[in-house]
Amino acid sequence: MIPVKKALSIIEKRTKPLGMESVPLNESVGRVLAEDIVADQDLPPFDRSQMDGYAVKAADTANVPVTLKLVGESAAGRGWTGRLRKGEAVRIMTGAPVPAGADAVQKLEVANESDGYLLLSEPTEKGRFIVKRAAEVKKGSIVLSKGERITSNSLAIPAAFGYSTVKVTKMPRIAIFSTGSEIVEIHKKPKADQIRNSNCVMLGSLTREVGGDVNIWPIVGDNISDLRSQITLAATSADVLIMTGGVSVGKYDLTKAALRELGAEFYFDRVRLKPGKPTVFARLGKTIVFGLPGNPVSAAVTFHLFVRKCVLLMQSANVCDLSSGYAVLDDPVKGTKERDSYLPAIIATNPSGHLIASPIRWHGSSDLVGFSRADALIFVPKDVSCAAGDRVEVRFL
Ligand code: AMP
Ligand code: MG
């Protein structure tokens with residue numbers, strides 16, 4: 001049995017990054033950048049007006065009311081190319097370039113135009129309502145880094161700097177299936193001793209969220225030759241194979257035996273972890289194999305701790321671990337002998353601004369309903385118990 005930390009470092013050592021490819025920008029959300037995105041121009045590219053109004057010399061407006069000569073117009077996409085002189089003003093629109101010679105904008109609401117002249121009733125000051133060229137981004141600077149995941153929020157950045165395609169790392173192909181003679185498909189009515197396959201949809205979705213290209217395979221019963229054939233087939237077209245069930249020590253826990261017969265190399269098969277002790281991490285040919293415990297909560301926790309990291313490492317993501325932090329416990333939690341626990345919790349802030357972790361009252365590692373509300377895992381070191389009010393380490397889901 002190895003500690004969680006050791007398991008994570010083994011995963012780091014054994015996971016090889018996949019290559020890269022180019023994709024159209026609008027298909028790139030969720031992918032990991034394989035190149036830095038570099039600004040090909042300043043942003044804004046010119047001194048830009050923030051208001052509909054008039055470009056002026058601020059000094060001309062020191063004593064109001066003042067009358068200025070209207071000499072032109074600068075619209076968005078149709079800038080005024082002359083040079084503003086003392087006593088002059090140029091009508092300007094939001095987003096339009098501020099003409100040379102002007103150093104401020106005054107808004108429309110405090111101005112009156114007639115017969116080619118402008119009457120200003122309020123002064124303005126140098127720089128007012130102008131976003132200076134390059135104030136947001138300087139040409140040549142890195143605006144998104146290699147290894148970052150592209151999100152809907154950041155998608156505008158490559159667009160603004162001319163990247164209609166981006167280089168991203170390849171999506172790992174992930175095969176997933178459940179094992180267990182009691183497991184039936186979701187649409188079936190289970191007999192008295194059967195259980196619906198809730199693991200596959202959950203793991204499929206969690207995997208897609210971290211960039212995996214998911215292929216779900218049929219359920220396999222607790223039968224070693226069936227297990228062998230499906231493992232072999234699934235592994236040929238996958239970078240990672242995730243199975244659930246059959247990794248414990250029962251008579252019909254056959255996943256490990258099947259892998260062994262196929263010649264898989266085992267990196268670990270027991271972790272000092274609760275829930276998730278019998279987690280298997282192995283390699284079959286070029287395919288990484290995870291055998292997760294069948295209990296839904298154990299499967300979810302081991303996914304979050306181990307599989308997620310492996311899938312992100314394959315994509316050379318900058319951040320492959322769950323983000324972590326500290327919170328104050330509002331209920332006691334009991335640790336486990338010789339195993340670290342990662343317990344589902346709900347995180348909230350209290351009126352004094354502290355993060356509070358409320359352990360979810362759950363009925364063991366089959367309680368998928370209890371777990372579904374979790375937005376964090378509380379880390380409880382082995383052999384330790386924590387009281388209400390203690391500060392604990394949490395991993396955010
Ligand atoms: P096992 O890991 O095979 O010992 O299974 C542990 C528990 O998880 C058993 O109660 C199984 O019925 C349950 N289980 C296994 N696979 C699934 C699955 N795909 N969906 C829901 N529950 C499962
Ligand atoms: Mg089983």
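So, here is what we can say about the structure in this document. Just so it is clear, the structure is predicted and the values come from calculations on it, not from any experiment.

All right, on to a positive patch on the surface then. A contiguous patch of positive charge on the surface is contributed by Lys6, Lys13, Arg14 and Lys16. Mapping Lys16 onto the fold places it in the loop between helix 1 (4–14) and strand 1 (20–24). Given the relative accessible area of 55%, Lys16 is considered exposed.

Time to look at the site of ligand 1. Neighbouring ligand 1 are 16 residues; Ser178, Glu182, Asn197, Gly246 and Gly294 lie closest to it. Contact distances for ligand 1 include 2.9 Å between a nitrogen atom and a side-chain N or O atom of Asn197. When the free accessible area of ligand 1 is taken as 490 Å², the share hidden by the protein chains comes to 78%. In terms of residue class, the shell around ligand 1 is made up of 4 nonpolar, 9 polar and 3 charged.

A few words now on the packing of aromatic side chains. Within this structure, the stated rule accounts for 5 aromatic pairs. Between Phe281 and Phe290 the ring centres are 5.0 Å apart and the planes differ by 40°, which places this aromatic pair in the tilted class. Residue Phe281 is classed as buried on the basis of its relative accessible area, which comes to 0%. Taking the relative accessible area as the measure of exposure, Phe290 reaches 0% and is therefore buried. When the ring centre of Tyr326 is taken as origin, the NZ or CZ atom of Arg391, which lies over that ring, is 4.1 Å away.

Moving on: the sheet that holds strand 4 (residues 53–56). By way of backbone hydrogen bonds, the strands of a sheet pair with one another, either parallel or antiparallel. Spatially, 7-4-6-5-9-8 is the arrangement adopted by the 6 strands of the open sheet, whose pairing is mixed. If you trace the sheet from one side to the other, it starts and ends with strand 7 (104–107) and strand 8 (111–114), each paired once. When the angles between neighbouring strand axes are averaged without regard to direction, this sheet yields 40°. As paired elements, strand 5 (residues 66–74) and strand 9 (residues 117–120) share 4 bridges and run antiparallel to each other. Residue pairing across strands places Leu68 opposite Leu118, the latter belonging to strand 9.

Strand order in the open sheet made by the 6 strands is 16-13-17-21-20-18, with mixed pairing throughout. Both outer strands of the open sheet, strand 16 (213–216) and strand 18 (265–268), are each paired with one neighbouring strand and no more. If you compare each strand with its neighbour and ignore which way they point, the axes differ by 25° on average. Bridging between strand 13 (residues 173–178) and strand 16 involves 4 bridges; their strand directions are parallel. Within strand 16, the position partnered with Ile174 by the bridge is Val214. Sheet contacts for helix 1: strand 18, strand 20 (280–284) and strand 21 (287–292); angle to strand 18, the most-contacted strand, approximately 140°. With respect to the sheet, helix 3 (residues 199–209) is in contact with strand 13, strand 16, strand 17 (240–244) and strand 21, its orientation differing from that of strand 13 by roughly 165°.

Before going further, it helps to spend a moment on helix 1. Here helix 1 has its buried residues at Val4, Ala7, Leu8, Ile10 and Ile11. All buried residues of helix 1 lie within an arc of 160° about the axis, which places them on one face of the element. Along helix 1, exposed side chains directed more than 90 degrees from the buried face belong to Lys5 and Lys13. On its buried face, helix 1 is in contact with strand 18, strand 19 (273–274), strand 20, strand 21, helix 6 (296–314) and strand 24 (340–349).

Rules and cut-offs
Residues numbered from 1 in each chain as written. Chains lettered and ligands numbered in written order. Predicted model: local features only at pLDDT ≥ 70, side-chain atom pairs only at ≥ 80, totals over all residues. Heavy atoms only, no water. Patch = residues over 30% accessible without salt bridge, like charges linked within 9 Å, V, L, I, M, F, W, Y side chains within 5 Å. Areas by Shrake-Rupley, 256 points an atom, 1.4 Å probe, with all protein chains shown as cover. Salt bridge = Lys/Arg side-chain N within 4 Å of Asp/Glu carboxyl O. Lys, Arg positive; Asp, Glu negative; His and termini not counted. Charge placed at Lys NZ, Arg CZ, Asp CG, Glu CD. Helix = DSSP H or I, 4+ residues; strand = E, 2+ residues; numbered from the N terminus. Buried < 20%, exposed > 50% of the residue type's maximum accessible area, 1.4 Å probe, protein only. Near = heavy atom within 4 Å. Polar contact = N/O pair within 3.5 Å; in protein donor to acceptor, adjacent residues only side chain to side chain. Nonpolar A, V, L, I, M, F, W, Y, C, P; charged D, E, K, R; others polar. Phe/Tyr/Trp six-rings, centres within 6.5 Å; stacked < 30°, edge-to-face > 60°. Lys NZ or Arg CZ within 6 Å of the ring centre and 35° of its normal. Pairing = 2+ DSSP bridges. Axes fitted to C-alpha atoms, helices over the stretch in contact; angles between N-to-C directions. Contact = heavy atoms within 4.5 Å. Arc of directions from axis to C-beta.

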